[in-house]
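Understanding the architecture of this molecule
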Amino acid sequence: NKRIATIGDAMVVFNPSKTGPLRFVPSFERAVGGAELNFAIGVTRLDMEAKWISCIGDDEFGKLIYNFARGEGIDVSHVLRTPHIPTSIYFKEIREDGAGKSFYYRNPSPLLELTEDRIDESVLDDVDLLHISGVYLAVCEHNIEVALKLIALAQAKNIPISFDPNLRLKLWTIEDARAVYEKVYPSINLLLTGQDEFELLFEGRTVKDVQECYKIDEIIVKKGEQGATVYTATEQYDRKAFSIRAIDTVGAGDAFDAAYVYSYLNGDDIGERLRLANGAGALVATIKGDNEGLPSLQELRQFIGDEKLIER
Ligand code: ADP
Ligand code: KDG
């Protein structure tokens, strides 16, 4: 089985019991989220293996996240615990159209304790791909050093690297994000980005220009209900989204990334990767929660029409 590694914060998520401004929401349902953990769950559900590197609080919520990740079958052997910093949490507001707004309580994050010297040199020894996301880079200043160390380890082993900028302007400024991402782009093979995010980050530069500048093999642009486009040095592939009623789109991008990376490691062609990725993104958007809708391989194949669905 192929194996990916990723690093990042996880949070207890409080999903609102109804849509609209948070101050009018009387109750919440507790769940678990975090972009990188969502990604790890996504690839694990698709029958690959995932190693999630992290640090969580040594508290009740940390135990919940740890058990949750283990329950999903994720390799948690590189998850540290700290008694000094509480596990991160966030509250979600959901609009009528399924779009989400986040209210974070994650500063400081337990990742403050996961310094570069605590990263085991052998952590990528058995790994086929390293996935980095911008949320991780935003959460603590030293995370960029840790990420660059992992990136260097991956490069030394010829392991491909995927990167999702996952821009969170509640965590840092666009200027800071741009400056940090600049250090990451030259090392990556796959850039998985949202369309608006691309425009914000690259201020009018074309995909071709960005691709040539940083020598990125594939730039994958996610376009919500419009689907997605992949740009290689010579070709462009467009695929429409699946038609669904979106309930909660938070996590759709992580699902897309997970399915794309799964299919990439599986050796599928780009059209097939896009079909699976659009399918996984759509499925997550149909269910409340950041990762609850992440499909198994069979559910994904049924949804995209490769297998017949028998309900009863
Ligand atoms: P990000 O969160 O990274 O910006 P998007 O919102 O573009 O990601 O969603 C990621 C992918 O999930 C899309 O490219 C698409 O495949 C799928 N998706 C998201 N929203 C919808 C929707 N409303 N209808 C169908 N597919 C969707
Ligand atoms: O991509 C989904 C994530 O946004 C969500 O699970 C929470 O990591 C998160 C964040 O910082 O927004």
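**Topic: the site of ligand 2**
As a structural note, the neighbourhood of ligand 2 is formed by 14 residues, with Tyr104, Arg106, Arg168, Asp254 and Asp290 the closest of them. Within the side chain of Arg106, a nitrogen or oxygen atom sits 2.6 Å from an oxygen atom of ligand 2. Burial of ligand 2 by the protein amounts to 95% of the accessible area it has alone, namely 320 Å².

**A short note on the pattern of salt bridges**
Inspection of every chain in the model, using the stated rule, returns 24 salt bridges. For the salt bridge of Glu49 with Arg3, the shortest nitrogen-to-oxygen distance reads 2.6 Å. Placement of Glu49 in strand β4 (residues 49–57) and of Arg3 in strand β1 (residues 3–7) is noted, with a sequence separation of 46 residues between them. For Arg3, a relative accessible area of 18% gives the class buried. Look at the salt bridges and you will find they share partners, linking Arg3, Glu49, Lys51, Asp75 and Asp126 into a network.

**A word on the sheet that holds strand β7 (residues 100–105)**
Spatially, β3-β2-β6-β7 is the arrangement adopted by the four strands of the open sheet, whose pairing is mixed. Pairing within the sheet leaves two strands with one partner each, and these edge strands are β3 (28–33) and β7. When the angles between neighbouring strand axes are averaged without regard to direction, this sheet yields 30 degrees. Pairing of strand β2 (residues 11–16) with β3, which is carried by six bridges, proceeds in the antiparallel orientation. Residue pairing in the sheet places Asn15 in a bridge with Glu29 of β3.

**Considerations on unusual backbone geometry**
With an omega of 5 degrees, the peptide bond between Asn107 and Pro108 qualifies as cis. Of note, the phi angle at Asp47 is positive, near 75 degrees, even though the residue is not glycine. Since its relative accessible area comes to 48%, Asp47 is described here as partly exposed. The phi angle at Glu203 is positive, at roughly 40 degrees, despite the residue not being glycine. The topology assignment puts Glu203 in the loop between α6 (195–202) and α7 (207–214). You can call Glu203 exposed: its relative accessible area is 56%.

Procedures and definitions
Residues numbered from 1 in each chain as written. Chains lettered and ligands numbered in written order. Predicted model: local features only at pLDDT ≥ 70, side-chain atom pairs only at ≥ 80, totals over all residues. Heavy atoms only, no water. Near = heavy atom within 4 Å. Polar contact = N/O pair within 3.5 Å; in protein donor to acceptor, adjacent residues only side chain to side chain. Areas by Shrake-Rupley, 256 points an atom, 1.4 Å probe, with all protein chains shown as cover. Salt bridge = Lys/Arg side-chain N within 4 Å of Asp/Glu carboxyl O. Helix = DSSP H or I, 4+ residues; strand = E, 2+ residues; numbered from the N terminus. Buried < 20%, exposed > 50% of the residue type's maximum accessible area, 1.4 Å probe, protein only. Pairing = 2+ DSSP bridges. Axes fitted to C-alpha atoms, helices over the stretch in contact; angles between N-to-C directions.

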